[in-house]
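Reading the structure
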Amino acid sequence: MSDMGDGTRCVHAGLPEPEPGQPFLPGPVFAAPYHLDPFQGPSAAPNGYGRPDNPTRRLLEAAIGELEGGDCRVFASGQAAITGLLLTVLRPGDTVVLPTDGYFPVRAFATDVLAELGVRVRYAPTVGPYPALDGVRLVLVETPANPGLDVVDVAALAHQAHAAGALLAVDNTTATPLGQRPLDLGADLVVASGTKALTGHSDLLLGYLASRSAKLLDALTGWRNLTGAIPGPFDAWLAHRSLATLDLRLARQTANAAAVAALLAGRTDVTGLRWPGRPEDPAYPVASAQMRRMPGVLSFDLGDADRVGRFVDAARLVVAATSFGGLHTTADRRAQWGDDTAPGFVRLSCGVEDTADLAADIAAALDASGPAD
Ligand SMILES: *Cc1c(COP(=O)(O)O)cnc(C)c1O
């Protein structure tokens with residue numbers, strides 16, 4: 001299916017060959033131990049114990065791997081995948097470069113754990129400038145970055161990293177593999193949260209890593225097996241079921257984000273609008289060249305915390321929630337979680353509601369909430 005369109009690839013991703021009497025997507029296999037062959041033991045069949053082996057998980061990994069264009073390993077959450085990557089690749093004395101403006105628990109992990117282990121941590125804003133990468137072991141970027149939505153030219157940074165002997169990992173959470181394929185752009189690794197748009201129903205946590213390097217995959221698989229950061233079979237199955245509609249969900253989310261961005265751009269009571277799909281956005285030149293579609297997430301500032309509260313309270317179709325990429329439109333005032341955004345900064349994640357309904361509701365809620373005090 002690799003020669004076909006996004007919708008076709010999503011519907012078929014990771015499914016077994018059709019077999020009469022069998023479902024399209026086999027149901028979750030619940031097992032801690034499996035029956036073993038009494039003579040040959042675990043060498044006789046693929047499944048021996050649930051931590052290293054689960055057939056439901058393997059089908060999901062095949063599906064995400066097809067979409068990313070590499071081999072995939074799923075983890076219990078995005079954070080489990082990211083920390084698994086960092087702890088597998090980095091050793092005391094190594095240097096890692098992390099984004100200043102990315103997912104903030106990654107910075108917290110660097111301060112609380114990596115620095116304690118003797119890993120040198122350097123920071124660079126997503127848009128750059130990046131430090132000289134000589135002596136750096138790993139560069140981790142997020143593009144578009146959550147929550148500020150800046151982007152970085154992955155191919156150019158991969159070139160710079162490889163010239164210096166560093167690995168490049170790209171957090172693909174916001175874009176999803178339909179938005180961009182970092183491995184095609186030269187990244188060594190993709191890491192992502194599947195909790196967000198990838199699965200999109202706000203009902204599970206998931207993370208994954210993808211790569212074309214057998215050596216890296218072996219090390220990451222070994223790490224996962226020894227630390228046990230696996231998703232359960234039911235979550236893996238739910239995630240796989242949700243992947244079939246990824247193309248449809250993203251299409252509506254992107255259309256909704258475009259309409260909401262156009263609406264917000266025309267208002268004087270909204271500042272700091274960011275959406276990489278707007279030609280006026282500073283991220284647009286790189287995003288439009290590098291990405292195949294734009295995310296359903298945008299960010300802006302409503303001036304102060306109380307106005308954000310009034311706006312969400314007045315809206316019928318926007319609910320207050322963290323996370324993003326789901327079916328329902330959500331707004332998150334990031335500062336309430338202790339990250340370093342301004343008090344009125346909002347990350348808005350457009351759901352799959354009708355575009356006209358959503359735009360009208362957001363316009364009315366902005367009017368009703370009045371300007372910031
Ligand atoms: C949410 C998120 C994560 C962490 O994923 P979880 O599934 O919540 O652990 C990592 N990176 C980015 C960009 C995210 O948005």
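What counts as what
- Residues numbered from 1 in each chain as written.
- Predicted model: local features only at pLDDT ≥ 70, side-chain atom pairs only at ≥ 80, totals over all residues.
- Heavy atoms only, no water.
- Helix = DSSP H or I, 4+ residues; strand = E, 2+ residues; numbered from the N terminus.
- Buried < 20%, exposed > 50% of the residue type's maximum accessible area, 1.4 Å probe, protein only.
- Polar contact = N/O pair within 3.5 Å; in protein donor to acceptor, adjacent residues only side chain to side chain.
- Contact = heavy atoms within 4.5 Å.
- Pairing = 2+ DSSP bridges.
- Right-handed = clockwise from strand over helix to strand, strands pointing away.
- Near = heavy atom within 4 Å.
- Areas by Shrake-Rupley, 256 points an atom, 1.4 Å probe, with all protein chains shown as cover.
- 1 Å grid on protein atoms, 1.4 Å probe; cavity = no way out; pocket = protein on both sides within 12 Å on 5 of 7 lines; lining within 4 Å.
- Sits in = over half its atoms within 2 Å of the grid points.
- Nonpolar A, V, L, I, M, F, W, Y, C, P; charged D, E, K, R; others polar.
- Axes fitted to C-alpha atoms, helices over the stretch in contact; angles between N-to-C directions.
- Points joined across faces, edges and corners; volume = space filled by probe spheres on them.
- Domains from an automatic or database assignment.
- Buried area = accessible area lost by both parts, 1.4 Å probe.
- Salt bridge = Lys/Arg side-chain N within 4 Å of Asp/Glu carboxyl O.

**Points about the side chain of Arg 307**
Assignment of secondary structure puts Arg 307 in helix H11 (residues 305-314). According to the relative accessible area criterion, Arg 307 is buried, its value standing at 0%. Of note is the side chain of Arg 307, whose polar atom sits 3.2 Å from the backbone oxygen of Leu 366. Not counting the four nearest positions on each side in its chain, Arg 307 is found in contact with Asp 269, Leu 302, Leu 366, Ser 369, Gly 370, Pro 371 and Ala 372.

**Some words on the pairing of strand S2 (residues 95-99)**
Among the five residues in S2, five count as buried, and that is most of the element. Relative to strand S3 (residues 120-124), S2 runs parallel, the two sharing five bridges. Bridge assignment links Val 96 to a residue of S3, and that residue is Val 121. Once the chain exits S2 it traverses helix H4 (residues 104-114) before rejoining the sheet at S3, and the crossover so formed is right-handed. In the sheet, S2 pairs with strand S4 (residues 138-142) via two bridges, with the strands oriented parallel. Its bridge partner being in S4, Val 96 is matched across the sheet by Leu 138.

**Details of the site of the ligand**
Neighbouring the ligand are 14 residues; Gln 79, Asp 171, Ser 193, Thr 195 and Lys 196 lie closest to it. Between the ligand and the protein, one listed contact pairs a nitrogen atom with a side-chain N or O atom of Asp 171 at 2.8 Å. Protein contact buries 94% of the 380 Å² of open area that the ligand shows by itself. Using a 2 Å cut-off from the grid points, one finds that the ligand occupies the second largest pocket. With three residues, helix H3 (residues 78-89) is the largest single contributor of residues to the shell around the ligand. Here the residues of the shell around the ligand sort into four nonpolar, seven polar and three charged.

**Concerning the sheet that holds strand S10 (residues 319-320)**
Read from one edge of the open sheet, five strands run S8-S9-S12-S11-S10, paired in mixed fashion. Edge strands, defined here as strands with exactly one partner in the open sheet, are strand S8 (271-274) and S10. Pairing of S10 with strand S11 (residues 330-333), which is carried by two bridges, proceeds in the parallel orientation. Paired with Ala 320 across the strands is Ala 331, a residue of S11. Packing of H11 onto the sheet brings it into contact with S10, S11 and strand S12 (345-349), and relative to S11 it is tilted by some 165°.

**Side note on the layout of surface pockets**
By volume, the largest pocket amounts to about 380 Å³. Around the largest pocket, the lining is made up of 14 residues, and of these Leu 15, Pro 16, Glu 17, Pro 18 and Phe 24 lie nearest the centre. Its residues assigned to classes, the lining of the largest pocket comprises eight nonpolar, three polar and three charged. Considering only enclosed or pocket space, the second largest pocket measures out at about 330 Å³ in volume. Around the second largest pocket, the lining is made up of 22 residues, and of these Tyr 103, Pro 105, Asn 146, Ser 193 and Lys 196 lie nearest the centre. Elements with a contribution of two residues or more to the lining of the second largest pocket: H3, H4 and strand S6 (189-193). A per-element tally of the lining of the second largest pocket places H3 first, with three residues. Partitioned by chemical class, the residues of the lining of the second largest pocket number eight nonpolar, nine polar and five charged.

**As for the domain arrangement of the protein**
Considered domain by domain, the protein is made up of domain 1 (6-243) and domain 2 (246-369). The gap between the C-alpha centroids of domain 1 and domain 2 is 26 Å. Across the contact, 37 residues belong to domain 1 and 30 residues belong to domain 2. Carbon and sulfur atoms supply 59% of the area that domain 1 and domain 2 bury against each other, a total of about 2,600 Å² over both sides. Inspection of the domain 1/domain 2 interface yields four salt bridges. At the boundary of domain 1 and domain 2, one finds 13 residue pairs in polar contact (both at pLDDT 80 or more). Going through the elements one at a time, helix H1 (6-12), H4, helix H5 (154-163), helix H6 (176-179) and helix H8 (233-243) are the ones with two or more residues in the side of domain 1 that touches domain 2. Classifying every residue of the side of domain 1 that touches domain 2 by side-chain character gives 16 nonpolar, 15 polar and six charged.

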